[in-house]
Amino acid sequence: MLDLRVNDAMHRIDAPPEMPLLWALRDLIGLRGTKFACGIGACGACTILLDGEAARACITTIADVGGKAIRTIEGLSGSRGDHPLQRAWKQVNAPQCGYCQPGQIMQAAALLAQTPKPTDRQINDAMAGNICRCGAYQRIKAAIKIAAGEGI
Ligand code: FES
Ligand code: FES
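As the structure is a computational prediction, the values presented were derived from the model and not from experiment. (Residues numbered from 1 in each chain as written. Chains lettered and ligands numbered in written order. Predicted model: local features only at pLDDT ≥ 70, side-chain atom pairs only at ≥ 80, totals over all residues. Heavy atoms only, no water.)

J.: Before we go on, may I ask you to explain the domain arrangement of the chain in this structure?
T.: One widely used convention gives an interface's size as the accessible area the parts lose upon coming together. Per the domain assignment, the segments of the chain are domain 1 (2–75) and domain 2 (84–147). The gap between the C-alpha centroids of domain 1 and domain 2 is 20 Å. Taken together, the 17 residues of domain 1 in the interface contact 12 residues of domain 2. Summed over both partners, the interface of domain 1 with domain 2 comes to about 1100 Å²; 60% of that surface belongs to carbon and sulfur atoms. Area buried by domain 1 at its contact with domain 2 is led by Lys 35, Thr 47 and Ile 73, which between them contribute 38% of it. Here domain 1 and domain 2 share 0 salt bridges between them. Our enumeration of links across domain 1 and domain 2 arrives at 4 residue pairs in polar contact (both at pLDDT 80 or more). Among the secondary structure elements, those contributing two or more residues to the side of domain 1 that touches domain 2 are β3 (47–50) and β4 (53–56). Tallying contributions element by element places β3 first for the side of domain 1 that touches domain 2, with 3 residues. Considered class by class, the residues forming the side of domain 1 that touches domain 2 number 9 nonpolar, 5 polar and 3 charged. (Domains from an automatic or database assignment. Contact = heavy atoms within 4.5 Å. Buried area = accessible area lost by both parts, 1.4 Å probe. Salt bridge = Lys/Arg side-chain N within 4 Å of Asp/Glu carboxyl O. Polar contact = N/O pair within 3.5 Å; in protein donor to acceptor, adjacent residues only side chain to side chain. Helix = DSSP H or I, 4+ residues; strand = E, 2+ residues; numbered from the N terminus. Nonpolar A, V, L, I, M, F, W, Y, C, P; charged D, E, K, R; others polar.)

Laid out in structure tokens, this is it:
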């Protein structure tokens, strides 16, 4: 048994310690906003926050989490979905298919938490590992700038 703190709620997990956090979130806890794509830490679709820092849930085991606070897209602003990043995402219609977008938003949330007014270079660097097969990169970047209060 292992306790995970996800979006401010405790969950007791009965699973082997090597289970990827992504499986625990999606299959055991029922939070399916965090997506599975590459499964090897290379695309960012499964990005969540661990104590406020971006992490890849597909290559993080539940044993790796320790007592850290896990935040997923469902917990970014509760059920309202009105975190400044989510509002900005809607404003510019950032998603196309949408699959990569929860990971993109969580990566951006980690960036803005550490660097509230990022430069273009800082945005590019922070988001470089989050792949969007639909190529929505410019809208994603515009949304991050809006959320940072910089306009487009
Ligand atoms: S699914 Fe985790 S990085 Fe691609
Ligand atoms: S919106 Fe389709 S992969 Fe990014």
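J.: Explain the sheet that holds strand β1 (residues 2–6) here, please?
T.: Strand pairing in a sheet is mediated by backbone hydrogen bonds. Such pairs are either parallel or antiparallel. Reading across the sheet, the 5 strands line up as β2-β1-β5-β3-β4 and stay open at both edges, with mixed pairing between neighbours. Pairing within the sheet leaves two strands with one partner each, and these edge strands are β2 (9–13) and β4. Each adjacent strand pair in this sheet contributes to an overall mean axis angle of 40°, direction not counted. Of the pairings in the sheet, the one linking β1 to β2 comprises 5 bridges and is antiparallel in character. Opposite Leu 4, over in β2, you have His 11 as the bridge partner. Strands in contact with helix α1 (residues 21–28) are β1, β2, β3 and β5 (69–71); relative to β1, the strand with the most contacts, it is inclined by about 80°. Where helix α4 (residues 101–114) meets the sheet, its contacts fall on β3, β4 and β5, and the angle it forms with β3 comes to roughly 35°. (Pairing = 2+ DSSP bridges. Axes fitted to C-alpha atoms, helices over the stretch in contact; angles between N-to-C directions.)

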